[in-house]
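Architecture and fold: a report
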Amino acid sequence: MYRPYKKPLEAAFPDIVVPKPYISKITVGIARLIARLYLCPFIGTARLSIHGSEELFQSLNRAFSKRSRCILAFRHQNGCEPQILGWFVLFKSKKLARRAGIHFPRRPHLIFVHGYEVLRWGGKVAQAVLPRLGALQIYHAKIDSEGVRRLNQTLMDGPYPLTIAPEGQVSYFTDYIPHLESGAIRIGLNVAEHLGAEIPVELLPVSVLFRYGKTGQRRMEMMLRLIEQRAGLKNTGLPFDKRLEQCRDKVLSVNEKRYALTPTASNSLEERLDALTEAALTRTEEILGVKKEGTPFARMYALRQICWDRIFIPGIYNLSTLNKLERSVADLQAGEAWYAGRHLELVDFICYFKVPIPKEDAPLRSKVEYVQQLGDFMNRTRGGVFADRKTIKPAEIVISTAPSLNLSRRLDEYRRDKKTTIASILDELKEAYRSQI
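My aim in this report is to walk through the structure given alongside it, one point at a time. Note that the coordinates shown come from a computational prediction; the quantities given were computed from them, not determined experimentally. (Residues numbered from 1 in each chain as written. Predicted model: local features only at pLDDT ≥ 70, side-chain atom pairs only at ≥ 80, totals over all residues. Heavy atoms only, no water.)

What follows is about the overall build of the protein. What the protein contains, in helices and strands, is 15 helices and 10 strands. Taking 22 Å as the expected radius of gyration for a compact globule of 437 residues, we find that the protein reaches 23 Å, a close match to that expectation. Projected onto its principal axes, the C-alpha coordinates of the protein cover approximately 70 × 65 × 50 Å. Per-residue burial over the protein gives 50% buried out of 437 residues. Of the accessible surface of the protein, which amounts to about 21700 Å², a share of 55% is contributed by carbon and sulfur atoms. (Helix = DSSP H or I, 4+ residues; strand = E, 2+ residues; numbered from the N terminus. Rg over C-alpha atoms; globule rule 2.2 N^0.38 Å. Buried < 20%, exposed > 50% of the residue type's maximum accessible area, 1.4 Å probe, protein only. Areas by Shrake-Rupley, 256 points an atom, 1.4 Å probe, with all protein chains shown as cover.)

Below, the structure written as structure tokens:
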């Protein structure tokens, strides 16, 4: 019997079209009203405190008055840092700065830089709001000269800080800083070249840190018990770190079986995770028909770009321009890309999971984070994505600011040796982040 055509789990969509970034007073006004309500699912009723407030407000004031240009470089380990910083600057910073004797010359605002994919998984709300808040999108794995030009021009024109996560994406752990991308520093030095010495370009390191209380500890224990239950493990009075270890090893072994990997007793955790990363990337490349090329991070970004381009077809804004046969093939390719993306979601996570298991006497923050990541490890193993991960709401959020790095003062050094200068500034930025933990 003839069976009617059935669409795959993920069908093709037309390309995303959004307006050029600009700041809409109406959108900003609405954001000021509903931002805290929007944040509730992420942070609940957590109280907010500021460390290094003078440095933060002074740097913002110099930028708002156009006496400097500012790149606000923030840690991105939890996922909701842009929302927290955006809400704080829009709704809180002016009042708190005034109490400290600093009067901003204009309404505060930040220009966020986000990955191209945000407008795809973020849906209609992200597509409507982000461009109207002036947010700029970038591509990790596609040449985008217009996007780079817009980033440079936005910083050069001022007055609002260009707000970038040098980690490139969510990094999951507070105490372990992964590789930092050099894009923000390159943009800052390039703009400093054009502006000259009179208008300095500053790189402002900011961390958004979560602190947990007794409620967080109880919820952590509940989450760990659920992980043990789903993994078929029993809590037989093992120490805390041993419970974490058996959960981690169970989920890891399930993934190794999935990819037909057979580790030996001499293989370290890092070696096992590297082998799993390679297997998942290879599987994705086989599905998409792509040759292996570059580092694991570069391959992940390139493959992710291909997946999104098969789900949201570039340059096609109306799928009715395709005939039925072409549309069917496009839907099948989108379905393949969706399934390929499940392997990439695992890669995205395990690239950052090479951290030691916290001991019983470790800070509560470290233990909560590790249990959350164990849950996410299981989530990605089951085909989940970042949006499906379960988190524990903090009791307190600390916005911590380190002294800004003056990029304009490094221009002579940069002209002599660009590579070494950028590496040196990245090291200084890492140290600034470490000092805030």
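After that view, the rundown keeps rolling.
This part covers the nonpolar core. Within the largest apolar cluster, 118 residues are counted, with the highest numbers of intra-cluster contacts made by Ile84, Leu85, Leu162 and Leu203. Take this core: its biggest share by element is nine residues, from helix H12 (residues 324-350). With residues near it in sequence (within four places) discarded, Leu85 still touches Leu72, Phe74, Leu110, Phe112, Val206, Val208 and Ile399. (Core = buried A, V, L, I, M, F, W, Y, C linked by side-chain atoms within 4.5 Å. Contact = heavy atoms within 4.5 Å.)

What follows covers the packing of helix H10 (residues 269-288) against H12. Two quantities define a packed helix pair, namely the angle between the helix axes and the distance between the axes. Interaxial distance between H10 and H12 falls to 9 Å at its minimum, and their mutual angle equals 160°. One way to sum up the angle between H10 and H12 is to call them roughly antiparallel. Handedness of the crossing formed by H10 with H12: left-handed. Taken together, the residues of H12 that come into contact with H10 (itself represented by Leu273, Leu276, Thr277, Ala280, Leu281, Arg283, Thr284, Ile287 and Leu288) are Glu336, Ala337, Ala340, His343, Leu344, Leu346, Val347 and Ile350. Here the contact of H10 with H12 is built from residues that sort into 12 nonpolar, three polar and two charged. (Axes fitted to C-alpha atoms, helices over the stretch in contact; angles between N-to-C directions. Parallel < 35°, antiparallel > 145°, perpendicular 65-115°, else oblique. Left-handed = near helix turned anticlockwise from the far one by under 90°. Nonpolar A, V, L, I, M, F, W, Y, C, P; charged D, E, K, R; others polar.)

Once that is clear, we can look at the packing of aromatic side chains. Aromatic rings in a pair are described by how distant their centres are and how their planes are angled relative to each other. As enumerated under the stated definition, the model contains 21 aromatic pairs in all. Residues Trp87 and Phe91 carry aromatic rings whose centres are separated by 6.2 Å and whose planes lie at 25° to one another, so their mutual orientation is stacked. A residue pair is termed a helical-turn pair when its members lie 3 or 4 positions apart in one helix, as Trp87 and Phe91 do in helix H3 (residues 81-99) at four residues. A residue is classified by how much of its surface remains accessible, and Phe91, at 43% relative accessible area, is partly exposed. A centroid spacing of 6.3 Å and a plane angle of 40° characterise the contact between Phe297 and Tyr301, whose relative ring orientation is tilted. Taken together, the positions of Phe297 and Tyr301, both in helix H11 (residues 296-311) and four residues apart, correspond to about one turn of that helix. In textbook terms, an aromatic cluster arises when at least three aromatic residues are bridged by ring pairs, as seen for Tyr172, Phe173, Phe297, Tyr301, Phe349, Tyr352, Phe353, Tyr370, Phe377 and Phe386. We note Arg342 situated over the ring of Trp338; from NZ or CZ to the ring centre the distance is 4.3 Å. (Phe/Tyr/Trp six-rings, centres within 6.5 Å; stacked < 30°, edge-to-face > 60°. Lys NZ or Arg CZ within 6 Å of the ring centre and 35° of its normal.)

Our focus in this paragraph is the pattern of salt bridges. Side-chain pairs of opposite charge can arise where the charged atoms are in close proximity. Tallied over the entire structure, the rule returns 31 salt bridges. In this structure, Asp175 and Arg365 form a salt bridge, with 2.8 Å as the shortest nitrogen-oxygen distance. Remark: Arg365 occurs in helix H13 (residues 364-381) and Asp175 occurs in the loop between strand E6 (162-164) and helix H7 (183-195); sequence separation between them is 190 residues. We classify Asp175 as partly exposed; its relative accessible area is 27%. Between Arg299 and Glu278 there is a salt bridge; the shortest N-O distance is 2.8 Å. Pair noted here: Arg299 is in helix H11 and Glu278 is in helix H10, with a separation of 21 residues, a long-range link. (Salt bridge = Lys/Arg side-chain N within 4 Å of Asp/Glu carboxyl O.)

Next up on the list: the state of the cysteines. Inspection of every chain in the model, using the stated rule, returns zero disulfides. You can see Cys40 has no disulfide; the closest cysteine sulfur is in Cys80, sitting 12 Å from it. By relative accessible area, which is 31% here, Cys40 ends up partly exposed. Looking at the unpaired Cys307, the closest cysteine sulfur is the one in Cys351, lying at 15 Å. (Disulfide = S-S within 2.5 Å.)

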